[in-house]
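The lines below spell out each chain.
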Amino acid sequence: MDTSSPNYSHSPRTYRLASLAYRPPPNPHRLHVYSTKHNCHITLAQGNRDALISVSAGNLGFRKAARGTYDAAYQLGAFVMSKIVTQGMLSDEYPGKGGPIKALEIVLRDFGPGREAVSKILLGGEGKHVRGKVVRVMDSTRLKFGGTRSKKPRRI
């Protein structure tokens, strides 16, 4: 056995590279986007999952079938982004509940028009202040494995 060769598993370089790996903050804020074909709900929650902002398309004045449109979801997302900026949640001096937003996780659920609308907002002008704080985008759409029998499809 050759003892002159270095042991690479315990070299200082390995430890230095491991310390440079990105680690997200322990409890980042979360922006939940629940988008069905009938409505869109957006909730901003702090790290311990307490809601800070919770609105839906109906809160903005959209009624009946208009709540499920792309336009309603877009206006809802723009409203939430403007509320985050106007309340000063992005500044380090934010004294409110949950503290300032240092990191943000986006949680998408279901496949309605709101999913696309919120992604366009984050990439557009409305989301320019929030975009740099996003550390993760997740999909929490519920998947059914077997389960009970589905509802009969609605026919009009």
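Thresholds, definitions, all that
- Residues numbered from 1 in each chain as written.
- Predicted model: local features only at pLDDT ≥ 70, side-chain atom pairs only at ≥ 80, totals over all residues.
- Heavy atoms only, no water.
- Helix = DSSP H or I, 4+ residues; strand = E, 2+ residues; numbered from the N terminus.
- Buried < 20%, exposed > 50% of the residue type's maximum accessible area, 1.4 Å probe, protein only.
- Contact = heavy atoms within 4.5 Å.
- Areas by Shrake-Rupley, 256 points an atom, 1.4 Å probe, with all protein chains shown as cover.
- Pairing = 2+ DSSP bridges.
- Right-handed = clockwise from strand over helix to strand, strands pointing away.
- 1 Å grid on protein atoms, 1.4 Å probe; cavity = no way out; pocket = protein on both sides within 12 Å on 5 of 7 lines; lining within 4 Å.
- Points joined across faces, edges and corners; volume = space filled by probe spheres on them.
- Nonpolar A, V, L, I, M, F, W, Y, C, P; charged D, E, K, R; others polar.
- Axes fitted to C-alpha atoms, helices over the stretch in contact; angles between N-to-C directions.
- Parallel < 35°, antiparallel > 145°, perpendicular 65-115°, else oblique.
- Left-handed = near helix turned anticlockwise from the far one by under 90°.

Caption draft 1: Quick look at the overall build of the protein. Check the secondary structure of the protein and you find 3 helices and 5 strands. Ordered by position in the sequence, the α and β elements of the protein form the string α-β-β-β-α-β-α-β. Looking at the protein residue by residue over its 156 residues, the buried ones come to 33%. If you take every contact in the protein between residues at least 6 apart in sequence, the share linking residues at least 24 apart comes to 62%. Total accessible area on the protein stands at roughly 10,700 Å², and carbon and sulfur atoms take up 55% of it.

Caption draft 2: Up close: the pairing of strand β4 (residues 104-109). Along β4, 5 of the 6 residues are buried, which leaves the element largely enclosed by surrounding structure. In this structure, strand β1 (residues 29-35) lies alongside β4, joined through 6 bridges in parallel fashion. From the neighbouring strand, H32 faces β4, where its bridge partner is V107. The pairing of β4 with strand β5 (residues 134-139) spans 5 bridges and is parallel. Across the sheet, the residue bridging to I106 is V137, located in β5. Between the parallel pair β4 and β5, the chain is carried across by helix α3 (residues 113-123), and the sense of this crossover is right-handed.

Caption draft 3: Spotlight on unusual backbone geometry. Residue R49 is not a glycine yet carries a positive backbone phi of 75°. Residue placement: R49 occurs in the loop between β2 (40-45) and β3 (51-56).

Caption draft 4: Just the layout of surface pockets, in detail. Within this model, the largest pocket holds a volume of roughly 230 Å³. In terms of lining, the largest pocket is formed by T36, K37, H38, K151, K152, P153 and R154. Looking at the lining of the largest pocket residue by residue, the classes come out as 1 nonpolar, 2 polar and 4 charged. What the second largest pocket holds in volume is close to 160 Å³.

Caption draft 5: Seen up close, the sheet that holds β5. Read across the sheet, 5 strands follow the order β3-β2-β1-β4-β5 without closing on themselves; strand pairing throughout is mixed. Because the sheet does not close on itself, it has two edges, and the strands there are β3 and β5. On average, adjacent strands in this sheet sit at an angle of 15° to one another, irrespective of strand direction. α3 contacts β1, β2, β4 and β5 of the sheet and is inclined by roughly 140° relative to β1.

Caption draft 6: Main features of the packing of helix α2 (residues 70-86) against α3. Where α2 contacts α3, the two axes come as close as 8 Å, and the packing angle between them is 45°. If you check the angle between α2 and α3, you find them oblique. Of the two possible hands of crossing, α2 and α3 adopt the one that is right-handed. Facing Y70, A73, Y74, G77, A78 and M81 of α2, the residues of α3 in contact are P113, G114, E116, A117, K120, I121 and L122. The residue inventory of the contact of α2 with α3, partitioned by class, reads 9 nonpolar, 2 polar and 2 charged.

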